[in-house]
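# Fold and geometry: a report
The chain contents come next:
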Amino acid sequence: EANDLAETRLQELETARGSITQLESELQEANDLAETRREDLETARESITQLESELEEAIAKDSDDESASMNAKEMMLQNKLDEQTSLSRQREREIKKLTSELSQMSDSVPHVS
């Protein structure tokens, strides 16, 4: 009977050792997976930082482009204004000239009373 008890305890010990080995293996896999996840997380953080930096650069460039675009639009509008002002002055001179010619013609035509 003592022999049977020893045999049973030996089997229980072997089963426990097998369970411990299995648990150690699962723990190692979990640790490996956790390490992989940590590396993935670090890579993701680096990617996010890089993308944020690129986004900030793009926004700044967009802002510069928009500023340049606004400057170009302002210059175009200023050129149009200058052209219209010049055209207006030219027409004003033409009107004065025609008014003067009309006045001279009117003076040269005899008035009928």
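Thresholds, definitions, all that
- Residues numbered from 1 in each chain as written.
- Predicted model: local features only at pLDDT ≥ 70, side-chain atom pairs only at ≥ 80, totals over all residues.
- Heavy atoms only, no water.
- Helix = DSSP H or I, 4+ residues; strand = E, 2+ residues; numbered from the N terminus.
- Rg over C-alpha atoms; globule rule 2.2 N^0.38 Å.
- Buried < 20%, exposed > 50% of the residue type's maximum accessible area, 1.4 Å probe, protein only.
- Areas by Shrake-Rupley, 256 points an atom, 1.4 Å probe, with all protein chains shown as cover.
- Lys, Arg positive; Asp, Glu negative; His and termini not counted.
- Charge placed at Lys NZ, Arg CZ, Asp CG, Glu CD.
- Patch = residues over 30% accessible without salt bridge, like charges linked within 9 Å, V, L, I, M, F, W, Y side chains within 5 Å.
- Salt bridge = Lys/Arg side-chain N within 4 Å of Asp/Glu carboxyl O.

## Overview of the overall build of the protein chain
Tallying secondary structure elements over the protein chain gives one helix and zero strands in all. Computed over its C-alpha atoms, the radius of gyration of the protein chain comes to 47 Å, more than 25% above the 13 Å expected for a compact globule of 113 residues. Principal-axis analysis of the C-alpha atoms gives the protein chain an extent of 160 × 25 × 10 Å. Within the protein chain, the proportion of its 113 residues that are buried is 0%. When the accessible area of the protein chain is evaluated, it comes to approximately 10600 Å², of which 54% is carbon and sulfur surface. One way to put it: in the protein chain the 13 positive side-chain charges average out to a point 18 Å from where the 29 negative ones average out.

## As for a negative patch on the surface
A surface patch of negative charge is lined by Glu52, Glu54, Glu56 and Glu57. As for its placement among the helices and strands, Glu56 is situated in helix H1 (residues 2-108).

## Points about the pattern of salt bridges
Enumeration over the complete set of coordinates arrives at four salt bridges. One salt bridge connects Glu14 with Arg17, and the closest N-O pair in it is separated by 3.4 Å. Here the residue Glu14 and the residue Arg17 both occupy positions in helix H1, the gap between them amounting to three residues, near one helical turn. Among the salt bridges present, the one from Arg37 reaches Asp40, with a minimum N-O distance of 3.9 Å.

## Focus on the environment of Ala30
Along the chain, the position of Ala30 falls in helix H1. Under the relative-accessibility criterion, Ala30 is labelled partly exposed at 41%. Distance from Ala30 to Asp62, taken between C-alpha atoms, is 46 Å for residues 32 residues apart in sequence.

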